[in-house]
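Coordinates in review
Residues per chain are reported as follows:
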Amino acid sequence: MDNKEKTIGEASLMKGNEALAEAAFRANIDAYFGYPITPQSEVLEYLEREAPKHEALILQAESEIASINMIYGAAGAGARVMTSSSSPGISLMQEGLSYIAAAQLPCLVVNVARGGPGLGTIQPSQGDYFQATKGGGHGDYHLIVLAPASVQEMADFVFDGFALAEKYRNPALILTDGALGQMMEKVFLPEKGSLPKIPKPWATTGKTKDRDHNVITSLFIQPEEMEQVNLQLQKKYEAMQSEVRFEEINTDDAEIILVAYGLSARICQKVVDIGREKGIKIGLLRPITLYPYPYKRLRELANQVEFMVSIEMSAGQMVEDVRLAVEGKVPVYIKGRMGGMITTPEEILLEVEKIHEQLNALQV
Amino acid sequence: MNEKLYLEESEIELEQVYCKPDTLTELPFHYCPGCGHSVVHRVLMEVVQELGIQEEIIGVAPVGCSVFAYHYMNVDMQEAPHGRASAVATGIKRVLPDKYVFSYQGDGDLAAIGTSETIHTVNRGENILMIFINNGIYGMTGGQMAPTSLPGQVTSTSPYGRDVEKVGNPIKIADMLCLLTGAYYVTRQVVHNPNGVRKLKKALLKSFEYQKQKKGTCFVEVVSNCPSGWKMTPVQTIKYLEEQMIPNYPIGDLKVPQN
């Protein structure tokens, strides 16, 4: 979460959305297609403003539906492509994402999430966790989901997202929120061109004499064939499990574990600091990949802790995965606020202490 | 396909004067007898063959009867979600600007669910060829009312005839697109007679030439028939097409390049 290990290059002070956009240029994207929506419009604005310095094609589409289908076409043609939006716009992209996942095309999608449901609010939220991690559109599929918790990671995960997407021929999603998109922090930008491009012999670049025509499709009308495609996808998702990433803070001797990602994890870091000062054995597990999810590590930690609390800016979505992980070994609670509201470290600590007292009272 | 054929009895040598272009695969068309799709597929692929651009062209198939166009067209192809073919084609063309790109859509796909993508693709003047098969019905899903179904036309979802008071009049999308500066060439053709096929071929040749010159969007509408959806024999569909469809969708060029 901090920049201690980064020593290459000069630090910049940037907004999360702009750091992400600059990283896109540095990742040598071939094209970006997008549509304005708060709180992520800086991505498209930055890309359009800086475009003359780069070779990448930046195009404002007529809708998020058009954007994701332009991504589908360009990714199928072998290009490194990305789009970004915020929650309502990401909902509009779900059909296209299902097609892209089924056709097994790599691309990067960024959700700078805002509070919902509906048109909701433009304030930050983590209410899109289910949509991001469980598929989102129709059919059995998953996106690779990365959750940055700093402006630094907003930039870094563009590279990581493309690397994973291209490795697995699968769409990757950066799930962030309006606060991380808008906040300014020190960032060490990744080096331009440091992400190599891999050959894509399956791409529709024009049928040469030495090969059959390439077809990008998600239509497998015979159920026997469709089942085989699904089995292949499931096999791929199984292989992706090895890419799970998470960060642990003060978990070694922790009796209470907070589980939080993104902005909530930033807040929880502070909770752990003040909690430890007060002598509470509290730690934090921060999932960095939300798909794949660190079920295994959480299951291990369940053997040593009294309880866990999922801290989310939602009514409780990730908490279901924490509960799945611990298999009932310890109680798992959900705390946080929603609808664009952000909880404070003090509020969380108070809640945690309350749970602690109640559990102790039960044991007496 | 090029071996000469012999008649045993008379021993007269026959010369082959026509064959399937290599740009079509060996797979027989699944289209209903008398349907215009097969003819448009063949003419399009003949043009690709004649121009020698098989290695430089990428097509986009729609959702509709021609969803499997990529099974027949022996060129690189992508299959788009319903209505989104022109957005998919935009994505391809923007990253491969020196290749030829075409989209192929029916009336429900292009003029109902995909109207937004259609208009904005043409408005941007994307350097692609958009082929629009207008048979006034949803063929694949079993003959429902299309945006281009004629007033009074009986379909499975307008069983008492298209009521224009209730659902509006047929949309003349090609005429609408002419208003956009991005539209370089807009034409409406037919394939139910040899003359129509010849004219369509010319329109397609022209379109690819314009695309090569990066002139903007070329839009080729083909007013076609649907024996199964119209519940008619192929011969009856030709009569209906000539007497009912063409008066509503007059054939000919709608917008030609201005010098």
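Just so we're clear, the structure is a prediction, and the values are computed from it rather than from any experiment.

Criteria and cut-off values
- Residues numbered from 1 in each chain as written.
- Chains lettered and ligands numbered in written order.
- Predicted model: local features only at pLDDT ≥ 70, side-chain atom pairs only at ≥ 80, totals over all residues.
- Helix = DSSP H or I, 4+ residues; strand = E, 2+ residues; numbered from the N terminus.
- Buried ≥ 20, exposed ≤ 12 C-beta atoms within 10 Å, placed from the backbone.
- Contact = placed C-beta atoms within 7 Å.
- Nonpolar A, V, L, I, M, F, W, Y, C, P; charged D, E, K, R; others polar.
- Pairing = 2+ DSSP bridges.
- Axes fitted to C-alpha atoms, helices over the stretch in contact; angles between N-to-C directions.
- Domains from an automatic or database assignment.
- Expected span 1.5 Å × (residues − 1).
- Core = buried A, V, L, I, M, F, W, Y, C linked by C-beta atoms within 7 Å.
- Right-handed = clockwise from strand over helix to strand, strands pointing away.
- Parallel < 35°, antiparallel > 145°, perpendicular 65-115°, else oblique.
- Left-handed = near helix turned anticlockwise from the far one by under 90°.

Counting its regular elements, chain B contains ten helices and eleven strands. Considered along the principal axes of its C-alpha atoms, chain B spans approximately 65 × 45 × 35 Å. Considering chain B as a whole, with its 259 residues, one finds that 51% of them fall into the buried category. In chain B, the proportion of contacts linking residues at least 24 apart, taken out of those at least 6 apart, comes to 66%.

Contact with chain A, which involves 33 residues of that partner, is made by 29 residues of chain B. Of all the secondary structure elements, the ones that give two or more residues to the side of chain A that touches chain B are strand E2 (31-34), strand E3 (57-60), helix H3 (64-76), helix H5 (94-102) and strand E9 (215-216) of chain A. Here the side of chain A that touches chain B gets nine residues from one element, more than from any other, and that element is H3(A). Considered class by class, the residues forming the side of chain A that touches chain B number 16 nonpolar, 13 polar and four charged. Direction of pairing for E9(A) relative to strand E4 (residues 76-79) of chain B: parallel, over a ladder of two bridges. Paired with Ile216(A) across the bridge in E4(B) is Gln78(B).

Attention now goes to unusual backbone geometry. Residue and element names in this part refer to chain A. Residue Pro-39 is bonded to the preceding Thr-38 through a cis peptide linkage, with omega at 5°. As for its placement among the helices and strands, Pro-39 is situated in the loop between E2 and helix H2 (41-50). In this structure, Pro-292 follows Tyr-291 across a cis peptide bond, with omega equal to 0°. Take Pro-292: it is sitting in the loop between strand E13 (289-291) and helix H11 (295-301). Unusually for a residue other than glycine, Asn-250 sits at a positive phi of about 50°. Inspection of the secondary structure assignment puts Asn-250 in the loop between strand E10 (246-249) and strand E11 (256-259).

Before going further, it helps to examine the sheet that holds strand E11 (residues 252-255) of chain B. In spatial order, the strands read E9(A)-E4(B)-E3(B)-E5(B)-E6(B)-E10(B)-E9(B)-E11(B); together these eight strands make up an open sheet with mixed pairing. Edge positions in the sheet fall to E9 of chain A together with E11 of chain B, since each has one partner strand and no second. For strand E9 (residues 183-190) of chain B and E11(B), the ladder comprises three bridges, and the chain directions are antiparallel. By the bridge assignment for E11(B), Val186(B) is matched with Lys255(B). With respect to the sheet, helix H1 (residues 36-51) of chain B is in contact with strand E3 (57-61), strand E6 (129-134) and strand E10 (217-223) of chain B, its orientation differing from that of E6(B) by roughly 160°. Across the sheet, helix H8 (residues 194-212) of chain B lies against strand E5 (100-106), E6, E9 and E10 of chain B, angled at about 165° from E9(B), the strand it touches most.

Residue and element names in this part refer to chain A. Segmenting chain A into domains produces domain 1 (11-242) and domain 2 (247-363). The gap between the C-alpha centroids of domain 1 and domain 2 is 29 Å. Of the residues lining the interface, 27 residues belong to domain 1; the matching set on domain 2 comes to 22 residues. Broken down by secondary-structure element, the contributors of at least two residues to the side of domain 1 that touches domain 2 are helix H6 (129-133), strand E6 (144-146), strand E7 (171-177) and helix H8 (178-182).

Take H3(A) next. All names here are of chain A. The first and last C-alpha atoms of H3 sit 18 Å apart over 13 residues, in line with the 18 Å expected at 1.5 Å per residue. The buried fraction of H3 amounts to 13 of the 13 residues, a majority that puts the element mostly inside the structure. Just downstream of H3, Gly-78 is the residue with a positive phi angle, here 95°.

Residues Ala24(A) and Leu258(A) are the most contacted members of the largest nonpolar core, which totals 177 residues. Counting the residues that make up this core, at least three belong to each of domain 1 (11-242) and domain 2 (247-363) of chain A. Each residue touching Leu258(A), except ones within four places of it in the same chain, is listed here: Cys268(A), Val271(A), Val272(A), Ile282(A), Leu284(A), Val309(A) and Ile311(A). Ranked by size, the runner-up nonpolar core spans nine residues in total, among them Tyr31(B), Cys35(B), Ala146(B) and Cys226(B).

All names here are of chain A. The alternating pattern of E11 places Ile-256 and Leu-258 and Ile-257 and Val-259 on opposite faces, both of which are buried. Relative to strand E12 (residues 282-287), E11 is paired through four bridges, and the arrangement is parallel. Across the sheet, Leu-258 pairs through a bridge with Leu-284, a residue of E12. Between the parallel pair E11 and E12, the chain is carried across by helix H10 (residues 262-277), and the sense of this crossover is right-handed. Examined bridge by bridge, E11 and strand E14 (residues 307-311) share four bridges and lie parallel to one another. Within E14, the residue paired with Leu-258 across the bridge is Val-309.

Glancing now at H5(A). Residue and element names in this part refer to chain A. With seven of nine residues buried, H5 lies mostly within the body of the structure. If you check which residues of H5 are buried, you get Gly-96, Leu-97, Ser-98, Tyr-99, Ile-100, Ala-101 and Ala-102. As for H5, its buried residues are in contact with H3, strand E5 (107-113) and E7.

Looking now at the packing of helix H1 (residues 16-26) of chain A against helix H7 (residues 151-168) of chain A. Residue and element names in this part refer to chain A. Interaxial distance between H1 and H7 falls to 8 Å at its minimum, and their mutual angle equals 25°. By the angle between their axes, H1 is roughly parallel relative to H7. The handedness of the crossing between H1 and H7 is right-handed. Here H1 contributes Gly-16, Ala-19, Leu-20, Glu-22, Ala-23 and Ala-24 to the contact with H7, which in turn contributes Val-151, Met-154, Ala-155, Val-158 and Phe-159. Within the contact of H1 with H7, the residues separate by chemical class into nine nonpolar, one polar and one charged.

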